Amino acid sequence: MKILVCISHVPDTTAKINFTPDNKEFVSQGVTFIVNPYDEIALARAIELTDDGKGTVTTINVGDVSTEPTIRKTLAIGATDSIRVNAAPRDGYFVAKQIANIAKQNNYDIILCGRESSDHNGASIPSMIGELLGVASISSAKKLEVDGTTATLEREIEGGKEIVSTPFPFVAGASEGMAEPKIPNMRGIMSARTKPLTVVEPIEVPQLAKVISYDKPVARTSVKMIAADDAGKIWEMIREEKKVI
Amino acid sequence: MSVLVFVENVQGKFKKSTFEVVSFGFAVAQKLGTTVTALSIGDVSDDELQKLSKYGASKILNSKNEKLKVINVQPYASVIAEAAKAEATKVIVVPASFSGKGIAARVAVKLEAGLGENVIDIPDTSNGFVIKKGSYSGKAYSFVQISSDVKVVSMVPNSYKVVENTTTATIQSFEPQLNENDFKLTVKETIRATDKISLPDAELVVSAGRGMKGPENWGMIEELANILGAATACSKPVSDAGWRPHSEHVGQTGIAISPNLYVAIGISGAIQHLAGVSSSKVIVVVNKDPDAPFFKAADYGIVGDAFEVVPKMIEGAKAFKASQN
Ligand SMILES: Cc1cc2nc3c(=O)[nH]c(=O)nc-3n(C[C@H](O)[C@H](O)[C@H](O)COP(=O)(O)OP(=O)(O)OC[C@H]3O[C@@H](n4cnc5c(N)ncnc54)[C@H](O)[C@@H]3O)c2cc1C
Ligand SMILES: Nc1ncnc2c1ncn2[C@@H]1O[C@H](COP(=O)(O)O)[C@@H](O)[C@H]1O
């Protein structure tokens, strides 16, 4: 079984997010980058599915050279090899096109993404890749079981879940529950240095969307404290002051 | 030229979030000087479809087909793309539901259209077409210029109000060309907890964390939620420990929500938790530790033991509800 896992390089979950004074660029200085948490889940499941030794797990990232430590981490966790498409991601379509282009050349059985990146929050790339390859896509999957060349997945829906099945190949976005993220061990870290990380140049893709500026939510300025004994009166207070109930 | 709105149904019925999307579509159409065409796929009665005219849909396309009875991302995207071409649509609006996100992405690829995902406001058309969306998991907003001729946007539930704009709508049947290759995925089973309010759509949410000590203490959280008509949610360690299902986990790595009211009980307010809930309109925090970071992100705070405070909130909520009726 050949699995491709798409890895997004994102700010650490505890990172404070800052932009340049004109609000046009994200300031990456002083920010630690990690493997997107959902992508760690996807990677862990891919490793589990190939732990009979009969499969390979390739990780792929679309990013400039600064993402290499993040990609190396996926090798340390247990990926077989990695590909970096040498381009800063412009928009989701650009990223999906690059990944689909690599996928078309390699006949992967399964392509796993995270259900959402924690920086762009698009939740769209797995579905875009599915469309580009003409295969099924499951945008948020909590379980993935494989039987021969058919997969059964549990996908999230509003207020419940759905059990779906699809033949190989397909694309899925991993959500919580699919696997527990794996932590690299010493042997993994050592071997990661010698595992192949191939750099390929991007293909041309028309630009359809572009982030032109950022903004930050206004912080709540003051909290109104209520004595514990008056807790029951809070609803009336919210109705009068905020009119949301 | 009309704005095409995909209207998602749940077992033949439209939810509030559907009327939000139609209202949103109407606002966009007004900006562009055009009208709204709603596209329904699946099995929805004419009576139910007619409801859409109340929110501004002036034409309703009905794709009723045995093969399209349950929502399936791949064929649904094909039907929407086909309708968009037939209508010469420039803007397609899809709900950012679990299925809608996948559909929007696939439609965008089919039409090579720029995609504005998880949009939370009416696009700014004063200089091009700029959408506003959450980014960095609730820590920021991005403004995205969509430069393609055709644009697809997915709209986050609860981010735009239902607005009545009664029109007279005509219902037309829309027979799409179905492609066998679109049916690779088979839906085996749909499991829906019908008695529960779905978290992403909920206007009111009662959430609890590790301060509740154990799953056996969730009775009072559920009781409070029931009285208020709220959905229940939890922090990540709570779902990790199996006290509550993963589907209730909110935050950076869980569901991001923006209800009108978020009540957090025994949750410390870690940055990853706040990321997913800070766009709630009003936040109430109950915590026994006066230095809990969550108080800095709250509108109302109560310092106290949840086991004493929540019963008071329940009594208060009962009285409040009674006074409302
Ligand atoms: C990569 C990553 C992603 C993460 N994503 C998320 C996420 O999406 N969502 C999320 O929630 N967390 C997330 N976390 C975890 C997060 O950092 C916190 O650990 C978590 O939110 C804490 O949960 P909690 O507030 O329930 O528990 P705690 O931090 O243990 O807080 C419990 C609180 O309850 C209070 N308390 C105790 N007893 C009582 C009582 N009797 N009455 C009232 N109050 C009481 C305490 O004072 C304390 O403030 C993530 C962490 C990482 C590293
Ligand atoms: N630059 C990237 N390189 C590789 N994979 C990516 C990249 N960006 C996003 N992805 C994948 O697509 C998923 C969804 O991302 P998004 O659509 O941005 O929310 C992520 O969880 C990753 O698996």
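Predicted, not measured: the structure shown is a model, and the values here were computed from it.

1. Considering the overall build of chain A
Consideration 1: Within chain A, the secondary structure is distributed over six helices and 13 strands.
Consideration 2: Along the longest, intermediate and shortest principal axes, the C-alpha atoms of chain A span 65 × 45 × 40 Å.
Consideration 3: Within chain A, the proportion of its 245 residues that are buried is 52%.
Consideration 4: Long-range pairs, those at least 24 residues apart, make up 69% of the contacts in chain A with a sequence separation of at least 6.
Consideration 5: A total of about 10700 Å² of accessible surface is found on chain A, and carbon and sulfur atoms cover 51% of it.
Consideration 6: Charged side chains in chain A number 28 positive and 32 negative. The centres of these two groups are separated by 2 Å.

2. Examining the site of ligand 2
Residues and elements named next belong to chain A.
Consideration 1: Of all residues adjacent to ligand 2, which total 22 residues, the nearest are C6, D39, V62, S117 and A123.
Consideration 2: Contact between ligand 2 and C6: an oxygen atom at 2.7 Å from a main-chain N or O atom of the residue.
Consideration 3: Here an oxygen atom of ligand 2 and a backbone polar atom of S117 are 2.7 Å apart.
Consideration 4: Within the complex, 96% of the 480 Å² of free accessible area of ligand 2 lies under protein.
Consideration 5: When contributions to the shell around ligand 2 are tallied by element, the ones reaching two or more residues are strand 4 (56-63), helix 3 (92-106), strand 6 (110-114) and helix 4 (125-133).
Consideration 6: In terms of residue count, the dominant contributor to the shell around ligand 2 is strand 4 (three residues).
Consideration 7: Here the shell around ligand 2 is composed, by residue class, of 11 nonpolar, nine polar and two charged.

3. Description of the pairing of strand 6 (residues 91-95) of chain B
All names here are of chain B.
Consideration 1: In terms of residue burial, strand 6 counts as a mostly covered element, since five of its five residues are buried.
Consideration 2: Alternating residues of strand 6 divide into V91, V93 and P95 and I92 and V94, and every residue in both groups is buried.
Consideration 3: Bridge count between strand 1 (residues 3-7) and strand 6: two bridges; the pairing is parallel. For L4, the partnering residue across the bridge sits in strand 6 and is I92.
Consideration 4: Bridge analysis of strand 6 against strand 10 (residues 151-155) gives five bridges, and the strand direction is parallel. Bridge pairing in strand 10 places P95 opposite M155.

4. As for the nonpolar core
Consideration 1: Judged by nonpolar contacts, the single largest core of 55 residues is most densely connected at L39(B), I80(B), I92(B) and I103(B).
Consideration 2: Once you skip the residues sitting within four places of it in the chain, I103(B) turns out to touch F6(B), I71(B), V73(B), Y76(B), A77(B), I80(B) and V94(B).

5. Side note on the interface of chain A and chain B
Consideration 1: Listed as interface residues are 82 residues of chain A and, on the opposing side, 88 residues of chain B.
Consideration 2: When residues of chain A are sorted by the area they lose upon contact with chain B, E158(A), R220(A) and W235(A) head the list and together hold 13% of the total.
Consideration 3: Scanning the region where chain A abuts chain B turns up five salt bridges.
Consideration 4: Between R220(A) and D299(B) there is a salt bridge, with its nearest N and O atoms 2.5 Å apart.
Consideration 5: The interface formed by chain A and chain B contains 47 residue pairs in polar contact (both at pLDDT 80 or more).
Consideration 6: Classifying every residue of the side of chain A that touches chain B gives 36 nonpolar, 22 polar and 24 charged.
Consideration 7: Bridging between strand 13 (residues 224-226) of chain A and strand 17 (residues 300-303) of chain B involves three bridges; their strand directions are parallel. Within strand 17 of chain B, the position partnered with M225(A) by the bridge is G301(B).

6. Considering the site of ligand 1
Consideration 1: Of all residues adjacent to ligand 1, which total 27 residues, the nearest are K213(B), S235(B), S268(B), Q272(B) and H273(B).
Consideration 2: Bordering ligand 1 are residues originating from chains A and B.
Consideration 3: Here a nitrogen atom of ligand 1 and a side-chain polar atom of K213(B) are 2.7 Å apart.
Consideration 4: Taking 980 Å² as the accessible area of ligand 1 by itself, protein coverage stands at 79%.
Consideration 5: Every element with two or more residues in the shell around ligand 1 is listed here: helix 6 (236-240), helix 7 (271-277) and helix 8 (306-324) of chain B.

7. Looking at the sheet that holds strand 13 (residues 204-208) of chain B
Backbone hydrogen bonds hold the strands of a sheet together, and the pairing may be parallel or antiparallel.
Consideration 1: Reading across the sheet, the six strands line up as 13(A)-17(B)-16(B)-15(B)-13(B)-14(B) and stay open at both edges, with parallel pairing between neighbours. Only two strands of the sheet have a single neighbouring strand rather than two, namely strand 13 of chain A together with strand 14 (231-234) of chain B. On average, each strand axis in the sheet is inclined to that of its neighbour by 20°, with strand direction left out of account.
Consideration 2: Bridge analysis of strand 13 of chain B against strand 14 of chain B gives four bridges, and the strand direction is parallel.

Parameters at a glance
Residue positions within a chain follow its written sequence, with the count starting from 1. Labels are handed out in written order, letters beginning with A for the chains and numbers beginning with 1 for the ligands. Residues qualify for local features only when their pLDDT is at least 70, as the model is predicted, and side-chain atom pairs are given and counted only at 80 or more; totals for whole chains, interfaces and linings, by contrast, use all residues. Heavy atoms from the whole structure form the basis of all side-chain values; hydrogens and water molecules are not counted. Labels follow the DSSP assignment, with helices taken as runs of H or I lasting at least four residues and strands as runs of E lasting at least two, numbered in each case from the N terminus. For every residue, the accessible area obtained with a 1.4 Å probe (protein chains only) is divided by the maximum for its type, and the residue is called buried under 20%, exposed over 50%, and partly exposed between those limits. Should any heavy atoms of two residues lie within 4.5 Å, those residues are considered in contact. Per-residue and other accessible areas were derived by the Shrake-Rupley procedure at a 1.4 Å probe size, with only the shown protein chains allowed to occlude residues. Charge counting follows a simple rule: Lys and Arg are positive, Asp and Glu are negative, and His as well as the terminal groups are ignored. By convention, the charge on Lys lies at NZ, on Arg at CZ, on Asp at CG and on Glu at CD. One heavy atom suffices: a residue is near a molecule or strand as soon as one of its heavy atoms comes within 4 Å of it. In protein, a polar contact means a hydrogen-donor-capable atom and an acceptor-capable atom, both N or O and within 3.5 Å, with residues adjacent in sequence counting only if both atoms are side-chain atoms; elsewhere, any N or O pair within 3.5 Å suffices. Three residue categories are used. Nonpolar comprises Ala, Val, Leu, Ile, Met, Phe, Trp, Tyr, Cys and Pro, charged comprises Asp, Glu, Lys and Arg, and polar comprises the others, including Gly. Any two strands with at least two DSSP-identified bridges between them are counted as paired. Nonpolar core, defined: a set of buried Ala, Val, Leu, Ile, Met, Phe, Trp, Tyr and Cys residues in which side-chain atoms within 4.5 Å join the residues together. A 1.4 Å probe defines the accessible area here, and the buried area is the portion of it lost by two parts on being joined, summed over both. Each salt bridge in this description consists of a side-chain nitrogen of Lys or Arg and a carboxyl oxygen of Asp or Glu lying within 4 Å of one another. For helices, the fitted axis covers only the stretch in contact; all axes are lines through C-alpha atoms, and the angles between them, taken along N-to-C directions, range from 0 to 180 degrees.

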